[in-house]
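Overview (structure and organization)
Here's the letter readout for the chains.
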Amino acid sequence: MYYKRRIKKGPIIFIAIFILIIILVICGINLYKYYTSDEYLLSKAGYNESEIQSILKFDEKYITYAKEHKYEDDFIPLIKEKYFLWKNYDEYIKYIDDVYEDKKVDYSKVISLVNVGANYEPYTHTKKADMDKGYAILVNKYTSLPEKYAPDDVVEMSNWYSYPGNSIRKDVYDAFKEMFNAAKEEGLTLIVNSSYRTYEVQKEIYDDYDDNRGREYADKYAARPDFSEHQTGLSIDIFSPGSNMESFEGTDEFKWLSENSYKYGFILRYPKDKEDITGYNYEAWHYRYVGKDLAKKVYDSDLTYDEYYAYYLDN
Ligand SMILES: [Zn+2]
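Residues numbered from 1 in each chain as written. Predicted model: local features only at pLDDT ≥ 70, side-chain atom pairs only at ≥ 80, totals over all residues. Heavy atoms only, no water.

1. Brief notes about the overall build of the protein
Where we set the bar: Under the scheme used here, helices are H or I runs from DSSP no shorter than 4 residues and strands are E runs no shorter than 2 residues, and both carry numbers assigned from the N terminus. Here the globule rule is a power law, 2.2 Å times the number of residues to the power 0.38, and the radius of gyration is based on C-alpha atoms. For each residue, the accessible area found with a 1.4 Å probe, counting protein chains only, is set against the maximum for its type, and the residue is called buried under 20%, exposed over 50%, and partly exposed in between. Residues are treated as being in contact if the distance between any of their heavy atoms lies within 4.5 Å.
Within the protein, the regular secondary structure consists of 14 helices and 8 strands. The C-alpha radius of gyration of the protein comes to 31 Å, more than 25% above the 20 Å expected for a compact globule of 315 residues. For the protein, the C-alpha atoms occupy an extent of roughly 120 × 45 × 35 Å along the three principal directions. Looking at the protein as a whole, 45% of its 315 residues qualify as buried. Looking at the protein alone, contacts between residues at least 24 apart form 58% of all its contacts between residues at least 6 apart.

2. Overview of helix H8 (residues 170-185)
A turn of α-helix holds 3.6 residues, and therefore any two residues three or four places apart point the same way. So the rule is basically this: A helix is expected to span 1.5 Å for every residue after the first.
Helix length check: H8 (16 residues) gives 23 Å between terminal C-alpha atoms against 22 Å at 1.5 Å per residue, within 8%. Among all positions in H8, only Val172, Tyr173, Ala175, Phe176, Met179, Phe180, Ala182 and Ala183 are buried.

3. A word on the coordination of the zinc ion
Applicable threshold: Only nitrogen, oxygen and sulfur atoms count as donors, using a 2.8 Å cut-off from the metal that widens to 3.2 Å for Na, K and Ca. Water is left out, so coordination shells may look unfilled. The rule is simple: four donors are tetrahedral if all their angles sit between 85 and 135 degrees, four are square planar and six octahedral if opposite donors span more than 155 degrees and the others lie between 65 and 115, and anything that fits none of that is irregular.
Binding of the zinc ion to the protein goes through His230 (NE2), Asp237 (OD), Asp237 (OD) and His286 (ND1), at separations of 2.1 to 2.8 Å. Viewed at the metal, the 4 donor atoms of the zinc ion are separated by angles of 51 to 152 degrees, and the geometry they form is irregular. All donors of the zinc ion come from a single chain, and their spacing in sequence reads H-x6-D-x48-H. When its relative accessible area of 4% is taken as the criterion, His230 is described as buried. The class for Asp237 is buried, based on a relative accessible area of 7%.

4. Quick word on empty space enclosed by the protein
The line we're drawing: Computed over the protein atoms alone on a 1 Å grid, cavities are sets of points where a 1.4 Å probe fits but cannot get out and pockets are open sets with protein on both sides within 12 Å along at least five of seven lines; a residue lines them when it has an atom within 4 Å of a point. Grid points are joined across faces, edges and corners, and a volume is the space filled by probe spheres set on the points. Each residue is assigned to one class: nonpolar for Ala, Val, Leu, Ile, Met, Phe, Trp, Tyr, Cys and Pro, charged for Asp, Glu, Lys and Arg, and polar for all the others, Gly among them.
Under the criterion given, the structure shown has 1 cavity of 30 Å³ or more. Put simply, the largest cavity is a space of about 50 Å³. Lining the largest cavity are Tyr83, Ile111, Ser112, Asn115, Leu303, Glu307 and Tyr311. Counting only elements with at least two residues in the lining of the largest cavity, the list comes to helix H7 (107-116) and helix H14 (305-313). If one sorts the elements of the lining of the largest cavity by residue count, H7 sits on top with 3 residues. Grouping the amino acids of the lining of the largest cavity by side-chain chemistry returns 4 nonpolar, 2 polar and 1 charged.

5. Details of the packing of aromatic side chains
Filter applied, for reference: Side-chain rings of Phe, Tyr and Trp (the six-membered ring for Trp) are treated as a pair once their centres are within 6.5 Å; stacked means planes under 30 degrees apart, edge-to-face means over 60, and tilted covers the remaining angles. A ring is scored as having a charge over it whenever the NZ atom of a lysine or the CZ atom of an arginine sits within 6 Å of its centre and within 35 degrees of its normal.
Scanning all chains against the criterion turns up 37 aromatic pairs. Here the aromatic rings of Tyr47 and Tyr71 are separated by 4.6 Å at their centres, their planes lie at 55 degrees, and the arrangement is tilted. In this pair, Tyr47 sits in the loop between helix H2 (38-45) and helix H3 (49-55) while Tyr71 sits in the loop between helix H4 (60-68) and helix H5 (75-80), placing the two residues 24 residues apart along the sequence. A residue is classified by how much of its surface remains accessible, and Tyr71, at 34% relative accessible area, is partly exposed. Taking the centre distance of 5.6 Å and the plane angle of 40 degrees together, the rings of Phe84 and Tyr92 count as tilted. Like Phe84, the residue Tyr92 is buried in the burial classification. One aromatic cluster in this structure is built from Tyr47, Phe58, Tyr62, Tyr65, Tyr71, Phe75, Phe84, Trp86, Tyr89 and Tyr92. The ring of Tyr280 has Lys141 sitting right over it, with the charged end atom 4.3 Å from the ring centre. Over the ring of Tyr123 we find Arg224; its NZ or CZ atom is 4.0 Å from the centre of that ring.

6. Observations regarding a nonpolar patch on the surface
For the record, the criterion: Each patch is assembled from residues with relative accessible area greater than 30% and no salt bridge, linking like charges that lie within 9 Å and nonpolar side chains (Val, Leu, Ile, Met, Phe, Trp, Tyr) that lie within 5 Å. Here the accessible surface of atoms and residues is derived via Shrake-Rupley with a 1.4 Å probe, and residues count as covered only by protein chains that are part of the display. One speaks of a salt bridge when a side-chain nitrogen belonging to Lys or Arg is within 4 Å of a carboxyl oxygen belonging to Asp or Glu.
A surface patch of nonpolar side chains, amounting to about 690 Å² of accessible area, comprises Phe14, Ile15, Phe18, Ile19, Ile22, Ile23 and Ile26. Among the structural elements, Ile19 can be located in helix H1 (residues 2-35). For Ile19, a relative accessible area of 45% corresponds to the partly exposed category.

7. Re the sheet that holds strand S6 (residues 235-239)
Our working rule: Two strands form a pair only when DSSP identifies at least two bridges running between them. To get an axis, a line is fitted to the C-alpha atoms, and for a helix only the part in contact is used. The angle between two axes follows their N-to-C directions and goes from 0 to 180 degrees.
One open sheet accounts for 4 strands, arranged S5-S6-S8-S7; its pairing is antiparallel. With partners counted over all chains shown, the strands left at the sheet margins are strand S5 (191-194) and strand S7 (266-270), one partner each. Mean inter-strand twist for the sheet, computed between neighbouring axes without regard to direction, equals 50 degrees.

8. Section: the layout of surface pockets
Reported here for the largest pocket is a volume of approximately 510 Å³. In terms of lining residues, the largest pocket is bounded by 23 residues, among which Arg197, Tyr221, Ala222, Met245 and Glu283 are the most central. Its residues assigned to classes, the lining of the largest pocket comprises 11 nonpolar, 7 polar and 5 charged.

9. Some words on the environment of Asp132
Tracing the sequence through the fold places Asp132 in the loop between strand S1 (127-128) and strand S2 (143-144). Take Asp132: its relative accessible area is 77%, and that puts it in the exposed class. Each C-alpha atom of the pair Asp132 and Val172 lies 18 Å from the other, and the pair is 40 residues apart in sequence.

10. A word on the pattern of salt bridges
Under the criterion given, the structure shown has 18 salt bridges. Between Arg215 and Asp210 there is a salt bridge, with the nearest N and O atoms lying 3.1 Å from each other. Residue Arg215 is classed as partly exposed on the basis of its relative accessible area of 44%. Arg288 is the salt-bridge partner of Glu229, the closest N and O atoms lying 2.8 Å from each other. Here the residue Glu229 occupies a position in the loop between helix H10 (215-221) and S6, and Arg288 occupies one in strand S8 (residues 283-289), the gap between them amounting to 59 residues.

The structure is reproduced here in structure tokens:
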């Protein structure tokens, strides 16, 4: 009996050591898991519990960024913005640092401006328009047409639809006629005042202002050649007979266009209160053809075309 009991101690010690090792391994794994967890690394970066919970709801690349960088108080407010673009993150931060200092940051504004490039002065940091986009091309003070661009399908407009001397690209003309007739049925009259402008004409207009009133004035009231939407052959200035730049906004024709132009492929290109985004004063009369499908999307988005393009078409 005594002999038998002694002999059993060997396996017991062995089993005890084995269990101990298992416990140590499990503890080790758990510790490793803890110290490499998103929660731990984010808290080490400086985020508090509720901030960590909101970061964890985002895409992996945002979580990785937050883990690998020191705490940034603009990080969460920025990524929460609907039109946040990851590729612009450094630009957002730079713009916030330059402009806001101790002021309360308007994140949605920062996103809009940086997305369209308007965090820089007009005509600086320019790039070439992506002409493969067809009727969706973007042309603004940061995006230029190919040098001396001229579309090859421009047709003259009848005086039934426009003041003398107007011409426009064929598809835009057809779309305008359809819109004109629909407005006519409501007893409204649309008339085109300005449409396609060649490089030469745009240059003349700009140079004339520049020579007589200086560059600042010229840039305020005219687009530089190759940077004008009118040179695309896709833009028209629409008025009602007798109205002008001051009065058009108050007309029934304007009201009708505001609610219906998108159905015919046109969008209001320079809306009110968006001057710092579009780079242009509010123009109730300037409509841009983008095609029906896209016009509806832009209309529904409630964005300027510059913002829409930056987020949905150039992303
Ligand atoms: Zn115009």
